[in-house]
Amino acid sequence: MSKNMFDLKDKLNIILDFIDNKENVVFLDYPLHHNVGDMLIFLGTVKFFENNDIKIKKFYSAHDYNLQSLMKVIDDNTTIIFHGGGNFGDLYPIHQDFREFVINNFYKNKILILPQTAFFENKENINRSRLIYKKHKNIVMFARDKQTHDLFKSFSDISFLIPDMAHALYGTFQKESVKKGTLYFLRQDIEKSGSQEQFQNIQSYDWMDLISKYDIKVISFIMKMAKLNRVLKLEILNNLNFFLWNRQINIIGGKAALIFSEYDQIITSRLHGHILSCLLDVPSLVVDNSYGKNKAYYEEWTKDLDNTHFLSK
């Protein structure tokens, strides 16, 4: 076990300073998709809540919220907490729009944005979003890297630089004892960078390779129910959707950990491929993504770990 990893885990505790009533908390934007990195963030967040006796009144995704339902569970003293990750900006508008919708409609509430990496392709979108955030006087923003923290300082008077929520999982995963060489775990989406081209002739994997046909059927069913519930607004259906998906997230996260623990080394351009390797104490070589997210995280948090290295071009 790594003392440095436990230290990173402990840095998350600053979040507790901004939760006034641990039994009056609503969690928004849980990841209803098959990005296992986001699942690991969510699992770490839930573990953090459990370890600190934080009772979540309600969970909503970006696919099943509506103002009427939110107003039923949010009073003036409710702390609203948003899922962390790498979706702050204009690459993933469904999540950005959700945050801004809540900020515009719940101006009396304390709102926490858990550790994020921000990226905007269009500077006009930065200014537009900043104006929305600055109108709200009680937003606490947590950043995973210095560049994002510098940006968040212009969005809110209260911001902090802390690690990813997945670090709350350190010491909790089961591991395989069998080792079988190197796992190449490389992005195949819009954040893919030229740095990984040197591995193009090597068999590699990405998160979707860990997703079974059954997993796909489950999320397809839940997505249909979530869209239906935007019209029906039934709390029982919302609760069922979360129960089913939360159970599936735990299964997928555990499976990912077992697979990663089978290898002597992980070469990855997925930030949470790297973080999962660290959580399992498996050596990792980090390849950057398209806009520098992985390098920024490595430089800020994991470069001092004995078993991690960054791949220069």
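Below is a summary of the structure that appears in this document. Predicted model, so just to flag it, every value in this text is computed and none were measured.

### A look at unusual backbone geometry
You will see that Asp 29, though not glycine, has its phi angle at about 75°, which is positive. Its location among the elements puts Asp 29 in the loop between strand E1 (25-28) and helix H2 (36-51). Judged by relative accessible area, Asp 29 falls into the buried class, the value being 1%.

### Brief notes about the packing of aromatic side chains
This model, assessed by the stated rule, comprises 28 aromatic pairs. Here the aromatic rings of Phe 42 and Phe 242 are separated by 6.1 Å at their centres, their planes lie at 80°, and the arrangement is edge-to-face. Linking Phe 42 in helix H2 with Phe 242 in helix H8 (residues 235-260), this pair joins segments that are 200 residues apart in sequence. Exposure remark for Phe 242: the relative accessible area of 14% places this residue in the buried category. Taken together, Phe 27, Tyr 30, Phe 42, Phe 48, Phe 49, Phe 59 and Phe 242 form an aromatic cluster joined through their ring pairs. Sitting over the face of the ring of Tyr 65, Arg 230 holds its NZ or CZ atom 4.8 Å from the ring centroid.

### A look at the pairing of strand E7 (residues 158-161)
By the bridge criterion, four bridges tie strand E6 (residues 139-143) to E7 in an arrangement that is parallel. Looking across to E7, one finds that Met 141 is bridged to Ser 159. The β-α-β motif built from E6, the intervening helix H6 (residues 146-152) and the parallel element E7 has right-handed crossover chirality.

### Considerations on the packing of helix H9 (residues 271-279) against helix H10 (residues 293-302)
Their axes nearest at 10 Å, the elements H9 and H10 cross at an angle of 25°. With respect to H10, the axis of H9 lies roughly parallel. Listed contacts from H10 to Leu 271, His 274, Ile 275 and Cys 278 of H9 are Lys 293, Asn 294, Tyr 297, Tyr 298 and Thr 302. A breakdown of the residues in the contact of H9 with H10 according to their chemical character gives five nonpolar, three polar and one charged.

### Topic: a nonpolar patch on the surface
A cluster of nonpolar residues, Leu 228, Val 231, Leu 232, Leu 234 and Ile 236, forms a patch on the protein surface that exposes about 490 Å² of accessible area. Per-element tally for the nonpolar patch: the top contributor is helix H7 (residues 213-232), with three residues. Structurally, Leu 228 can be placed in helix H7.

### A few points about the nonpolar core
Grouped together as the largest cluster of nonpolar side chains are 64 residues, with contacts concentrated most on Ile 15, Phe 27, Trp 245, Leu 276 and Leu 279. Broken down by element, the residue count for this core peaks at nine residues, all from H2. With near-sequence residues (within four places) excluded, Phe 27 lies in contact with Phe 42, Thr 45, Phe 49, Ile 56, Lys 58, Phe 59, Tyr 60, Ile 81, Phe 82, His 83 and Leu 114. Membership of the second largest hydrophobic core comes to 28 residues, among which are Ala 62, Ile 103, Phe 120 and Ala 143.

### A look at the pairing of strand E3 (residues 79-82)
Residues of E3 alternate between two faces, with Thr 79 and Ile 81 on one and Ile 80 and Phe 82 on the opposite face, all of them buried. Sheet analysis places E1 next to E3, joined by four bridges and oriented parallel. Following the sheet pairing, Leu 28 is matched in E3 by Phe 82. Pairing of E3 with strand E5 (residues 110-119) involves four bridges; the strand directions are parallel. Residue pairing in the sheet places Ile 81 in a bridge with Leu 112 of E5.

Calculation notes
- Residues numbered from 1 in each chain as written.
- Predicted model: local features only at pLDDT ≥ 70, side-chain atom pairs only at ≥ 80, totals over all residues.
- Heavy atoms only, no water.
- Helix = DSSP H or I, 4+ residues; strand = E, 2+ residues; numbered from the N terminus.
- Buried < 20%, exposed > 50% of the residue type's maximum accessible area, 1.4 Å probe, protein only.
- Phe/Tyr/Trp six-rings, centres within 6.5 Å; stacked < 30°, edge-to-face > 60°.
- Lys NZ or Arg CZ within 6 Å of the ring centre and 35° of its normal.
- Pairing = 2+ DSSP bridges.
- Right-handed = clockwise from strand over helix to strand, strands pointing away.
- Axes fitted to C-alpha atoms, helices over the stretch in contact; angles between N-to-C directions.
- Parallel < 35°, antiparallel > 145°, perpendicular 65-115°, else oblique.
- Contact = heavy atoms within 4.5 Å.
- Nonpolar A, V, L, I, M, F, W, Y, C, P; charged D, E, K, R; others polar.
- Patch = residues over 30% accessible without salt bridge, like charges linked within 9 Å, V, L, I, M, F, W, Y side chains within 5 Å.
- Areas by Shrake-Rupley, 256 points an atom, 1.4 Å probe, with all protein chains shown as cover.
- Salt bridge = Lys/Arg side-chain N within 4 Å of Asp/Glu carboxyl O.
- Core = buried A, V, L, I, M, F, W, Y, C linked by side-chain atoms within 4.5 Å.

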